[in-house]
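Next come the chains, spelled out residue by residue.
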Protein chains: 2
Amino acid sequence: MNNNNKVTNDIDAIPSLVQSKRQIDRYNLDIDAQAILVASRLMAAGAKLGHASEIHFSRFGLSTGRYRLLADLEDNEGEELPSQLAEHLGVTRATVTGLIDILERDGLVSRRSSSDDGRQRSVILTEEGAKKLRQMAPEHFARLEAMVGLLNIDERSVFLDLLGRVTQGISALTGELGSKPKGNISNE
Amino acid sequence: MNNNNKVTNDIDAIPSLVQSKRQIDRYNLDIDAQAILVASRLMAAGAKLGHASEIHFSRFGLSTGRYRLLADLEDNEGEELPSQLAEHLGVTRATVTGLIDILERDGLVSRRSSSDDGRQRSVILTEEGAKKLRQMAPEHFARLEAMVGLLNIDERSVFLDLLGRVTQGISALTGELGSKPKGNISNE
DNA sequence: CTTATATAGTTAGGAACCTAATTATATCTC
DNA sequence: GAGATATAATTAGGTTCCTAACTATATAAG
């Protein structure tokens with residue numbers, strides 16, 4: 001029952017429609033229970049994916065954030081400023097500093113002071129860092145592809161469309177009540 | 001350019017299809033770029049939602065985890081064991097202990113030793129905790145509903161179906177290479 | 001030129017969640 | 001009933017990311 005319990009744990013954590021209904025009914029709110037279910041399921045999925053992602057990257061001695069930093073470096077000729085990395089990854093500069101610290105310690109990137117602007121210290125993908133990316137690519141991408149393997153091509157397009165719109169809607173959580181979501185999303 | 005920068009940050013962080021293509025092409029892998037895009041977008045959405053959720057609940061003096069614990073208590077007649085809570089929330093018992101500590105400090109729950117089993121200490125939703133849930137319900141659910149407001153009823157069903165299948169696929173990240181995803185998901 | 005202000009990166013400290021070890025109680029097995 | 005084993009909750013310490021404060025350099029205003 002030990003191992004079994006862990007699996008059950010994940011599955012039981014999936015929010016149900018009856019649960020959503022019950023919560024709404026309790027306060028006599030005029031809310032669509034399925035909408036709440038969508039929100040709850042997306043949160044659960046996001047948390048699950050985040051956790052799985054850390055496990056995935058830990059096999060290569062990386063974390064999700066450190067992999068994303070390396071990949072972004074590779075995508076930019078192997079050299080970027082910390083501020084650019086922060087923007088690309090959608091994290092703060094403070095977080096980038098921490099990611100670089102560990103990657104540098106492990107020899108996957110190095111720091112170089114700029115002569116143009118004494119405040120800047122650009123980050124460089126080392127040969128070892130490039131090798132790491134090369135080595136993990138086949139397994140990494142195969143697993144990502146397998147993850148969406150239960151969806152066919154058309155379904156993937158639909159999913160991207162719907163996910164994009166829900167993602168826009170996330171601002172409803174943080175913005176002013178009753179305001180329309182803003183920001184645009186393209187598939188290119 | 002200060003405030004503007006923060007908004008741009010989020011938007012730029014959205015992964016693009018060309019980016020996925022470039023990464024796959026670099027290593028001559030036989031992988032569907034759109035599949036990688038789906039995976040990347042879902043990760044980005046999950047992270048964004050997680051962050052927004054914390055901001056949302058902080059308005060009520062709660063965190064996402066602490067709210068979920070209160071809501072689960074309310075859904076179970078206001079009394080549960082920490083181990084049950086851990087299972088329902090999909091977190092470890094250690095995490096539940098930490099959540100309870102703060103909720104108890106704030107007077108929203110209390111702990112009671114069981115006479116049945118001396119190891120158990122059940123958690124009770126206090127009147128103040130119930131009041132907190134009552135007070136936040138209208139705004140909380142209205143915001144959740146608004147979040148999926150860009151999807152009509154049919155689209156919500158489709159999204160739930162597709163999200164469910166992708167969620168099943170997440171095990172491809174953690175499981176053995178080439179193994180089929182397992183576990184079932186119902187909409188009830 | 002000097003003072004004020006903006007910007008790049010870092011440091012310090014905090015929140016949320018994790019794993020592993022610990023403590024206390026319960027339940028088997030002989 | 002005594003010793004081994006299992007279970008409930010907690011504690012200790014680590015990871016990831018955050019905000020806010022700080023340092024150093026660059027730029028603008030007088």
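Residues numbered from 1 in each chain as written. Chains lettered and ligands numbered in written order. Predicted model: local features only at pLDDT ≥ 70, side-chain atom pairs only at ≥ 80, totals over all residues. Heavy atoms only, no water.

## A word on the pattern of salt bridges
Stated precisely, the cut-off is as follows: Salt bridges are counted wherever a side-chain nitrogen of Lys or Arg sits within 4 Å of a carboxyl oxygen of Asp or Glu. For helices the rule is a DSSP run of H or I covering at least 4 residues; for strands it is a run of E covering at least 2, with both sets numbered from the N terminus onward. Throughout this description, buried means an accessible area under 20% of the type-specific maximum (1.4 Å probe, protein chains only), exposed means over 50%, and partly exposed covers the range between.
Tallied over the full model, the rule gives 28 salt bridges over all chains. A salt bridge links B:Glu74 to A:Arg26; the nearest nitrogen and oxygen atoms lie 3.3 Å apart. A residue pair is termed interchain when its members come from two chains, as with B:Glu74 in helix H4 (residues 64–74) and A:Arg26 in helix H2 (residues 17–26). Since its relative accessible area comes to 16%, B:Glu74 is described here as buried. When its relative accessible area of 29% is taken as the criterion, A:Arg26 is described as partly exposed. Here B:Arg134 ties to B:Glu127 by a salt bridge, and the two come within 3.3 Å at their closest N and O atoms. One salt-bridge network, held together by shared partners, links A:Arg22, A:Arg26, B:Glu74 and B:Asp75.

## Examining the confidence of the model for chain A
All names here are of chain A. Rules: For every residue, the predictor states its confidence as a pLDDT score lying anywhere from 0 to 100. Note on definitions: a residue-residue contact is assigned when non-hydrogen atoms from the two residues lie within 4.5 Å.
Of the residues in chain A, 87% have a pLDDT of 70 or more, and the chain-wide mean is 87. A low-confidence stretch, residues 1–12 stays under pLDDT 50, and its non-local contacts, those more than four residues away or across chains, total eight contacts. Predicted confidence for residues 182–188 stays below pLDDT 50, and this span has 14 contacts to residues more than four positions away or in other chains.

## Focus: the nonpolar core
Worth spelling out the cut-off: Residue types Ala, Val, Leu, Ile, Met, Phe, Trp, Tyr and Cys, when buried and joined through side-chain atoms within 4.5 Å, form a set referred to as a nonpolar core. Each domain's extent is set by a domain assignment, obtained either automatically or from a database.
Among the nonpolar cores identified, the biggest contains 99 residues, and A:Leu42, A:Leu69, A:Phe159, B:Leu42, B:Leu69 and B:Phe159 are the most heavily contacted of them. Residue assignment places this core across two domains, with domain 1 (1–58) and domain 2 (62–126) of chain B each supplying three or more. Filtering out sequence-adjacent residues up to four positions away, A:Leu42 remains in contact with A:Leu163, A:Val166, B:Leu42, B:Leu49, B:Met147, B:Phe159 and B:Leu163.

## Remarks on the protein's contact with DNA strand C
The condition is simple: Distances are taken per atom, and a residue is near a molecule or strand as soon as one of its heavy atoms is within 4 Å of it. In protein, a polar contact requires one atom able to donate a hydrogen and another able to accept it; more generally it is a pair of N or O atoms within 3.5 Å, and residues adjacent in sequence count only if both atoms are side-chain atoms.
In the vicinity of DNA strand C lie 22 residues, with A:Pro82, A:Arg111, B:Ser63, B:Thr95 and B:Gly118 positioned nearest. Sugar plus phosphate, as a fraction of atoms of DNA strand C within 4 Å of the protein: 67%. A distance of 3.2 Å is found between a phosphate oxygen of DNA strand C and a side-chain nitrogen or oxygen belonging to B:Arg66. Those elements that provide at least two residues to the surface near DNA strand C are helix H5 (82–89) and helix H6 (93–105) of chain A together with H4 and helix H6 (93–105) of chain B.

## Regarding the relation of the copies chain B and chain A
Selection criterion: Least squares is used to superpose the copies, and the fit set is the C-alpha atoms of residues whose pLDDT is at least 70 in both copies.
Mapping chain B onto chain A calls for a rotation angle of 180° and an axial translation of 0.0 Å; the resulting RMSD is 0.1 Å. What the rotation and shift describe, once combined, is the action of a two-fold rotation axis. When C-alpha positions in chain B are compared against the rotation axis, the closest is assigned to B:Gly46, at 2.0 Å.

## Regarding the sheet that holds strand S2 (residues 109–113) of chain B
Residues and elements named next belong to chain B. The test is simple: If DSSP finds at least two bridges between two strands, the strands pair.
On the basis of which strands lie adjacent, the open sheet formed by three strands has the order S1-S3-S2 and antiparallel pairing. Among the strands making up the open sheet, the edge pair consists of strand S1 (79–80) and S2. Pairing geometry for S1 and strand S3 (residues 121–125), over two bridges, is antiparallel. Considered in S3, the bridge of Glu79 is made with Ile124.

## A look at the protein's contact with DNA strand D
Our working rule: Only Asp, Glu, Lys and Arg are considered charged, only Ala, Val, Leu, Ile, Met, Phe, Trp, Tyr, Cys and Pro nonpolar, and every remaining residue, Gly among them, polar.
Around DNA strand D, 22 residues are found, and the nearest of them are A:Ser63, A:Thr95, A:Gly118, B:Pro82 and B:Arg111. Within the backbone of A:Thr92, one N or O atom sits 3.2 Å away from a phosphate oxygen of DNA strand D. Looking at the surface near DNA strand D, the elements that each hand over two or more residues are helix H4 (64–74) and H6 of chain A together with helix H5 (82–89) and H6 of chain B. A per-class count over the surface near DNA strand D returns six nonpolar, nine polar and seven charged.

## What about the pairing of strand S3 (residues 121–125) of chain A?
All names here are of chain A. A large share of S3 lies buried, amounting to four of its five residues. The pairing of strand S2 (residues 109–113) with S3 spans five bridges and is antiparallel. Along S3, the bridge assignment pairs Ser110 with Ile124.

## A look at the sheet that holds S2(A)
Taking strand neighbours across the sheet as the criterion, the three strands line up as S1-S3-S2 (chain A) in an open arrangement whose pairing is antiparallel. Both outer strands of the open sheet, strand S1 (79–80) and S2 of chain A, are each paired with one neighbouring strand and no more.

## Observations concerning the interface of chain B and chain A
The condition that has to hold: Throughout, the accessible surface (probe 1.4 Å) given up by two parts as they are put together, summed over both, is called the buried area.
At the interface, 92 residues of chain B touch 92 residues of chain A. Counting the surface lost from both chain B and chain A, the interface buries some 8600 Å², and carbon and sulfur atoms represent 67% of this. At the boundary of chain B and chain A, one finds 10 salt bridges. B:Asp75 is the partner of A:Arg26 in a salt bridge, and the nearest nitrogen-oxygen pair spans 2.8 Å.

## Here's the deal with the packing of H5(A) against H6(A)
Residue and element names in this part refer to chain A. To be explicit about the condition: Working convention: axes come from line fits to C-alpha atoms, limited for helices to the stretch in contact. Angles between N-to-C directions cover 0 to 180 degrees. Here the angle decides the label: under 35 degrees means roughly parallel, over 145 means roughly antiparallel, 65 to 115 means roughly perpendicular, and every other value means oblique.
Two elements in contact, H5 and H6, have axes separated by 9 Å at closest approach and are oriented at 110°. One element, H5, and the other, H6, form an angle in the roughly perpendicular class. The segment H5 lies against H6, with Pro82, Ser83, Leu85, Ala86 and Leu89 engaging Arg93, Val96, Leu99 and Ile100. Looking at side-chain class alone, the contact of H5 with H6 contains seven nonpolar, one polar and one charged residues.

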